[in-house]
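Residue strings, one per chain:
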Amino acid sequence: MDVAAHAAAVDGERVRTRRNDEEPAHETSHRPRPAPDHDLLRLQATAGNQATVAHVQRQRHGAAPRVGTRFRHPAGVRSPHRSITAEFDGQMFRVHAGSTALMAVEAASGRPVSVRSGDARTCGGATSESYKNNPRYVGISDFGPIPEGTFTFRAAEFGLFDRMEQLRMIGGGSFTDPFGQALHGGDWGAGRAPLHPTRVVPAPRGCGNTGRRSGFYLHGGSLSGSSGCIDIGNAGITQLLRHLAGYTGTVTVTVHYAHPAPEVGPLERAIGGATYPGQRDPSLLDRVRGAWDQLRGNESTEQ
């Protein structure tokens, strides 16, 4: 071999050696490897299907089970109403189309449990009171009723739940609603829609902060009360959606407390204690203790 040929052979060997150092060895097995996360991003960029990517990620990370279906307007139905509004006055939930009253049902907001001593002290109330429909405690997160102000929602934002799903949710746990949003177990009833605040009135001075509250919903339920949402019961949800069929506009809900706080008796407080015992995922024993604490006059545990 002459000098030039020998030099070329040496240079070629150096190139092969450098490539072997820089590139990983190929798998000898033909089994497919798990796709890394950047493959999901490439799938989203090429297919434009974010829902598919989210579904793959949920499967990979073991997401909460999905419950419910989206409300859909009946085919061919057009609403005769140009504008629909609603109001909650601390006792009733009323819906109007202009000057025409469409429906009125009893409604509740706030937990039907005894007021904690700390809240009673800072808000100038008493532990003998309840949070349910009590405007004194609108600034107390997770316990007090929805603050006064204005909120909006659309019919298309309703997630609907069948009877079996309602029972599963009442038992507690974590779920995913039909829009992909996290949903904690509870008495959501036949359906729910988020209430978007557009104006929130401040709480009484020294009694919490309404501006820091969030996560408001309009929903159904079997038990009267909520952690700050507006509960209109299952019959109310059915009646409301009947009036909203074909109406694609925004519904504005005005909240203004026009009635004194209701009396909440021992039995209702016990049921409230079982419904809101304080733990994030309460067991049956936790619920029994919650009911017993309300009957004995013990304070609720903050969630």
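Residues numbered from 1 in each chain as written. Predicted model: local features only at pLDDT ≥ 70, side-chain atom pairs only at ≥ 80, totals over all residues. Heavy atoms only, no water.

## Considerations on the side chain of D119
For clarity, the threshold we go by: Comment: elements are numbered from the N terminus, with helices defined as DSSP H or I runs of at least four residues and strands as E runs of at least two. Think of it in three bands: with a 1.4 Å probe and only protein chains considered, a residue is buried below 20% of the maximum accessible area for its type, exposed above 50%, and partly exposed in between. Whenever a nitrogen or oxygen atom comes within 3.5 Å of another N or O atom, the pair is scored as a polar contact, on the condition that within protein one atom can donate a hydrogen and the other can accept it, and that pairs from neighbouring residues in sequence are kept only if both atoms are in side chains.
Residue placement: D119 occurs in helix α4 (residues 117–123). Given a relative accessible area of 10%, D119 falls into the buried group. Separated by 2.7 Å, the side chains of D119 and R116 make a polar contact.

## Some details on the confidence of the model for the protein chain
Defined as follows: Each residue carries a pLDDT value, the predictor's own confidence for that position, ranging from 0 to 100. It only takes one pair of heavy atoms within 4.5 Å for two residues to be counted as in contact.
The share of residues in the protein chain with pLDDT of 70 or more is 78%, and the mean pLDDT across the chain is 83. Predicted confidence for residues 1–10 stays below pLDDT 50, and this span has one contact to residues more than four positions away or in other chains.

## Examining the sheet that holds strand β13 (residues 251–255)
The line we're drawing: The pairing criterion is simple: DSSP has to find at least two bridges between the two strands. Axes, fitted as lines to C-alpha atoms, cover a helix only where it is in contact. Angles between the N-to-C directions of the axes lie from 0 to 180 degrees.
Taken in spatial order, the six strands of this open sheet run β4-β3-β2-β13-β5-β10, and their pairing is mixed. Edge strands, defined here as strands with exactly one partner in the open sheet, are β4 (100–106) and β10 (196–200). Within the sheet, the average angular offset between the axes of one strand and its neighbour, ignoring direction, is 20°. Taken together, the four bridges between strand β2 (residues 85–88) and β13 define a ladder with parallel strand orientation.

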